[in-house]
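Architecture at a glance
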Amino acid sequence: MRALGPVIAVLVALVLVASSVLFTVDQRQNAIVFQFGEVKEVITKPGLNFKWPMIQNVRLFDMRILAYDDAEPLRFLTQGNRPVLVDSFIRWRIVDVKLYFVSVQGSEAEATRRLRQTISGALRDEFGGRTVHDVVSGERDTVMERVRQKADQDLRRVGVEIVDVRLKRVDLPQEVSESVYRRMEAERKRIANELRSTGAAESERIRADADRQREVILAEAYRDAQRVKGDGDARAAATYAQAFSRDAEFYAFYRSMEAYRSTFSGRSDLLLLEPNSDFFRYLKDPGGKAGGKK
Amino acid sequence: MSLNDPNWGRGSRGPGGNQGPPDLDELWRNFNRKLNDLFGGRRGGGGDVRPPAPSGRALGGGAGVLVALVLAIWLASGFYVVDAASRGVVLTFGRYSEQTDPGLRWRMPFPIQSHEIVNMAQVRTLEVGYRNNVKTKVLKESLMLTDDENIVDLQFAVQYVVTDAQAWLFHNRRPEEVAMQTAEASMREIIGKSKMDSILYEGQDNIANQAQVLMQKILDSYKTGIDLSRVTIQNAQPPEQVQAAFDDAVKAGQDRERQKNEGQAYANDVIPRARGAAARLTQEAEGYKARVVANAEGEASRFRQVLAEYSKAPAITRERIYIETLQSVLSSTSKILVDTRASGNLLYLPLDKLMQQSGAGGLTESQASQRAPDAALPTDPGPRSRDSLRGRERVER
């Protein structure tokens, strides 16, 4: 039992020593071992590593893809001096830890400062030769890829790889936005007027078509009706002619009688007569001579 | 020294049963003495004035228990729980060694192994252009420029799950932010290639799909381990400044439909009516024809019948018809019998007055037809001379 005391002491001592001699490099990190401030070794594999205590120290670097996002959008001029506000974000990572440390003293702030300068310069170049429409839609990919290549080329020298450059916002500045709004309004007004007037035209067309159809329908019906009537009249005439031609003279007499009867039918018809007609021949003369003489 | 601290803490809490409540000073001194034993007095600490404690043996036993306990606690610190929705990732000296399933798990304790837990089942949501509620807009995120250089106000949500825990942990710093920025950039890229009208009205699903494809592509290129499940456009509308104009345009579209419908309504009113009128004309014509033909046939037939009788006795029949006709004519009309030859041109006939009278009198037709023969009779037998009639007017009612 007494032997345990030393065991503890040994353990504690081991832990103390181990903590100053051993260090772990995470999956996500690379490490540089410095000896009196000089880069002695670069560790790129994760795991347990050894260093000399006191004379060596270790610095760890995050090797994941890092993001740089502009806090404030940058203002660029496009072709025709139209300004745009651009907000981009950059994905970058350290590929060469030693170079990175030597060039920017391993300071992420310093690295992003360089990054920002390079990117904004490249963006300015790309935007200057393009119209707003190009950078917003047509050549967005090209712009992003070219800026990435340029920046990548530049930043390789500090051990940084530019994984991706993305244009996030490409917006018009406030004063330009207002004029865009005015234009959008005018455009909508045009559309609205067009819709209304085509609606009216369409309506008129439908009405006119309906009117035409009505006329046609009525006219055709009238034509057909007249045909039918004419047919009836013709048949009637044929019937009359056939019957009446048997004795035309009698027909004239008979028909006249008929006509008299139907013509003078009411009290309102006033006949002014001379008593010398055939009908009145017996009126003045029972012999019937008066009318007969005439 | 720092490593000693847990020992102190635990020592004071734990196995005090052997020796009563431990005194910190005393323990410290004991410890130093033991170190001295070990290193041959090299580290003779200050305050180590007491001789070896008489309780050394007891202390040795206590230390054994202490060591065992510390060891046990240290080992126990390797336990961790992975809940059902998650996976654990174990790192050995910082190097990935395994992925563990849900349950109570054990790894080698710090500093040998460490673990991270990633929730793989939770559907994570990104809200772009708004927070919590579509009405609380973030205009900086939501206003976007379209292909036709209009500005649209768009809110969308992205849902994703983490499908690759290692990628999620190891390739990107703050992957949630990466996802957010990627979502925004992709949507803006797609909107930048779309026309205002298709964004606002019909093309929203299509845009969401395109954005999802692009987002997934970018996220894959970063090896984020993210799998997008859905991109939904929550709301797309013109900016407030021009909302009224857009609403009016939509209204205009409806006006147009309304006008068309009104025109159609008119057509639907007019054409069937015209058809009806046409049908009436046709029917009337048919009716007319039938009537005319029937009349003709009837009259022809009557004429033939009369003619048949007439031809048997023409003179008398003719006379009879003539007289009958004139009788019926004269009996039903008003008449004035004037001997014009005698009266010359001095005859005064107030015709309009006569007409009035006859019109007024005509209202009792039955009476008229009754009286007509009576009225006619006195004239017939009246053996009056022509002179008596001269200048007189007779009005037969």
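Analysis parameters
- Residues numbered from 1 in each chain as written.
- Chains lettered and ligands numbered in written order.
- Predicted model: local features only at pLDDT ≥ 70, side-chain atom pairs only at ≥ 80, totals over all residues.
- Helix = DSSP H or I, 4+ residues; strand = E, 2+ residues; numbered from the N terminus.
- Buried ≥ 20, exposed ≤ 12 C-beta atoms within 10 Å, placed from the backbone.
- Contact = placed C-beta atoms within 7 Å.
- Pairing = 2+ DSSP bridges.
- Axes fitted to C-alpha atoms, helices over the stretch in contact; angles between N-to-C directions.
- Expected span 1.5 Å × (residues − 1).
- Nonpolar A, V, L, I, M, F, W, Y, C, P; charged D, E, K, R; others polar.
- Arc of directions from axis to C-beta.
- pLDDT = per-residue confidence, 0-100.
- Parallel < 35°, antiparallel > 145°, perpendicular 65-115°, else oblique.
- Left-handed = near helix turned anticlockwise from the far one by under 90°.

What about the overall build of chain B?
- In terms of regular secondary structure, chain B is built from 14 helices and 12 strands.
- By the burial criterion, 25% of the 397 residues in chain B qualify as buried.
- Counting only contacts in chain B whose residues sit at least 6 apart along the sequence, the fraction spanning at least 24 positions is 67%.

Re the environment of Val 95 of chain A
Residues and elements named next belong to chain A.
- Looking at the secondary structure, you find Val 95 in the loop between β8 (82-94) and α2 (97-104).
- In the structure, Val 95 is positioned 66 residues away from Glu 161 in sequence and 6.1 Å away in space, judged by C-alpha atoms.
- Beyond its immediate sequence surroundings of up to four residues, Val 95 is in contact with Gly 159, Val 160 and Glu 161.

A short note on the sheet that holds strand β5 (residues 113-119) of chain B
All names here are of chain B.
- Strands sit in the order β3-β2-β5 across an open sheet of 3 strands; the sheet is antiparallel. Two strands bound the open sheet, and with one partner strand each, they are β3 (95-100) and β5. Averaged over all neighbouring strand pairs, the angle between strand axes comes to 25°, with direction disregarded.

Describing the sheet that holds strand β5 (residues 56-62) of chain A
All names here are of chain A.
- Read from one edge to the other, the open sheet built from 3 strands follows the order β3-β2-β5, with strand pairing classed as antiparallel. This sheet does not close on itself; its edge strands, each paired only once, are β3 (38-43) and β5. Across the sheet, the axes of successive neighbouring strands diverge by a mean angle of 25°, strand direction being ignored.
- Two strands pair when backbone bridges link them, and strand β2 (residues 29-35) and β3 are joined in this way by 5 bridges, in the antiparallel orientation. Note that in β3 the partner of Gln 35 across the bridge is Glu 38.

Overview of helix α8 (residues 204-221) of chain B
- Over its 18 residues, α8 of chain B extends 26 Å from the first C-alpha to the last, a length consistent with the 26 Å expected when each residue adds 1.5 Å.
- Packing partners of the buried residues in α8 of chain B comprise α6 (175-192), α7 (196-202) and β11 (226-237) of chain B.

Side note on the interface of chain B and chain A
- Counting residues at the interface gives 109 residues for chain B and 105 residues for chain A.
- Considering each element in turn, the side of chain B that touches chain A owes the most residues, 42 residues, to helix α9 (residues 240-310) of chain B.
- Residues of the side of chain B that touches chain A, tallied by class, amount to 53 nonpolar, 28 polar and 28 charged.
- The sheet contact formed by strand β10 (residues 270-273) of chain A and strand β12 (residues 334-337) of chain B spans 4 bridges and is parallel. Among the inter-strand pairings, Leu 272 of chain A is bridged to a residue of β12 of chain B, identified as Ile 336 of chain B.

Side note on α2 of chain A
Residues and elements named next belong to chain A.
- Listing the buried residues of α2 in full gives Val 97, Tyr 100, Phe 101 and Val 104. One face of α2 carries all of its buried residues, which in axial projection span an arc of 100°.
- Buried residues belonging to α2 abut β2, β3, β5, β8, α3 (108-128) and β9 (160-171).

Focus on the confidence of the model for chain B
Residues and elements named next belong to chain B.
- For chain B, the mean per-residue pLDDT works out to 76, and 71% of the residues sit at or above 70.
- Of the regions scoring below 50 in pLDDT, residues 1-20 engages in 28 contacts with residues more than four places distant in sequence or in other chains.
- Under the prediction, the complex receives an ipTM of 0.70, its pTM being 0.63.

Quick look at the pairing of strand β7 (residues 74-78) of chain A
Residue and element names in this part refer to chain A.
- Sheet topology places β7 next to β8; 5 bridges connect them, and they run antiparallel. Each residue of the ladder has a partner; that of Thr 78, found in β8, is Arg 82.
- Between β7 and β8, which pair antiparallel in sequence order, lie 3 residues; one of them, Gly 80, sits at a positive phi of approximately 75°.

Considerations on the packing of helix α7 (residues 248-263) of chain A against α9 of chain B
- The N-to-C vectors of α7 of chain A and α9 of chain B enclose an angle of 115°; their axes lie 11 Å apart at closest approach. In this view, α7 of chain A runs roughly perpendicular relative to α9 of chain B, as classed from their interaxial angle. Considering the relative orientation of α7 of chain A and α9 of chain B, their crossing is right-handed. Across the interface between the two elements, Phe 250, Tyr 251 and Tyr 254 of chain A of α7 of chain A pack against Phe 303, Val 306, Leu 307 and Tyr 310 of chain B of α9 of chain B.
- Broken down by class, the residue content of the contact of α7 of chain A with α9 of chain B amounts to 7 nonpolar, no polar and no charged.

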